Amino acid sequence: MNEADILAVLYSDTCDIERKVSAVNPDTCVTDNRIEKVVTGLRCRIDEEQSPVLLENEMQSFYTTYTLFTYPNANIKKGDFITVNHYGDTYYFQASKPFRYSNHLEVTLELKER
């Protein structure tokens, strides 16, 4: 069993990856931009971390960051739209630049409204 397989037991969530693509319409010769699903049902794990926002040494609110963990060969690119299913809840994110390790991929996510 390799390291990626060992980490996979932690992947309790699933996600779908969508990407903006440009294609020339052969009928009109116009470039169309559209969102295309590139991955469905990818096993992953989402992590949420909250940090306090301080203003003049007083806590004003919390800043939440989200990180996606998945397989090192996952097809995720900066700017992709990621829908995560986490214990019955659905979250929508946009990906920052993925960072690959030998045994997993980490992607910082920005929460989006849909």
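Quick caveat, the model's predicted, so the values are computed rather than measured.

1. Some remarks on the environment of G41
So, step 1. The topology assignment puts G41 in strand 2 (residues 31-55).
So, step 2. On the basis of relative accessible area, G41 is assigned to the partly exposed category, the value being 42%.
So, step 3. Ignoring anything within four residues of it in the chain, the contact list for G41 reads T14, C15 and D16.

2. Re unusual backbone geometry
So, step 1. Although it is not a glycine, C29 sits at a positive phi angle of roughly 60°.
So, step 2. Secondary-structure assignment places C29 in the loop between strand 1 (13-24) and strand 2.
So, step 3. Despite not being glycine, Y87 has its phi angle at roughly 50°, a positive value.
So, step 4. Structurally, Y87 is set in the loop between strand 4 (81-86) and strand 5 (89-95).
So, step 5. By relative accessible area, which is 62% here, Y87 ends up exposed.

3. Brief notes about the pattern of salt bridges
Side chains bearing opposite charge may pair, as long as their charged atoms lie close to each other.
So, step 1. Tallied over the entire structure, the rule returns four salt bridges.
So, step 2. Here K37 makes a salt bridge to D16, at a shortest N to O gap of 3.7 Å. Here the residue K37 occupies a position in strand 2, and D16 occupies one in strand 1, the gap between them amounting to 21 residues.
So, step 3. The partner of K112 in a salt bridge is E110, and the shortest N-O contact between them spans 3.3 Å.

About the criteria used
Residues numbered from 1 in each chain as written. Predicted model: local features only at pLDDT ≥ 70, side-chain atom pairs only at ≥ 80, totals over all residues. Heavy atoms only, no water. Helix = DSSP H or I, 4+ residues; strand = E, 2+ residues; numbered from the N terminus. Buried < 20%, exposed > 50% of the residue type's maximum accessible area, 1.4 Å probe, protein only. Contact = heavy atoms within 4.5 Å. Salt bridge = Lys/Arg side-chain N within 4 Å of Asp/Glu carboxyl O.

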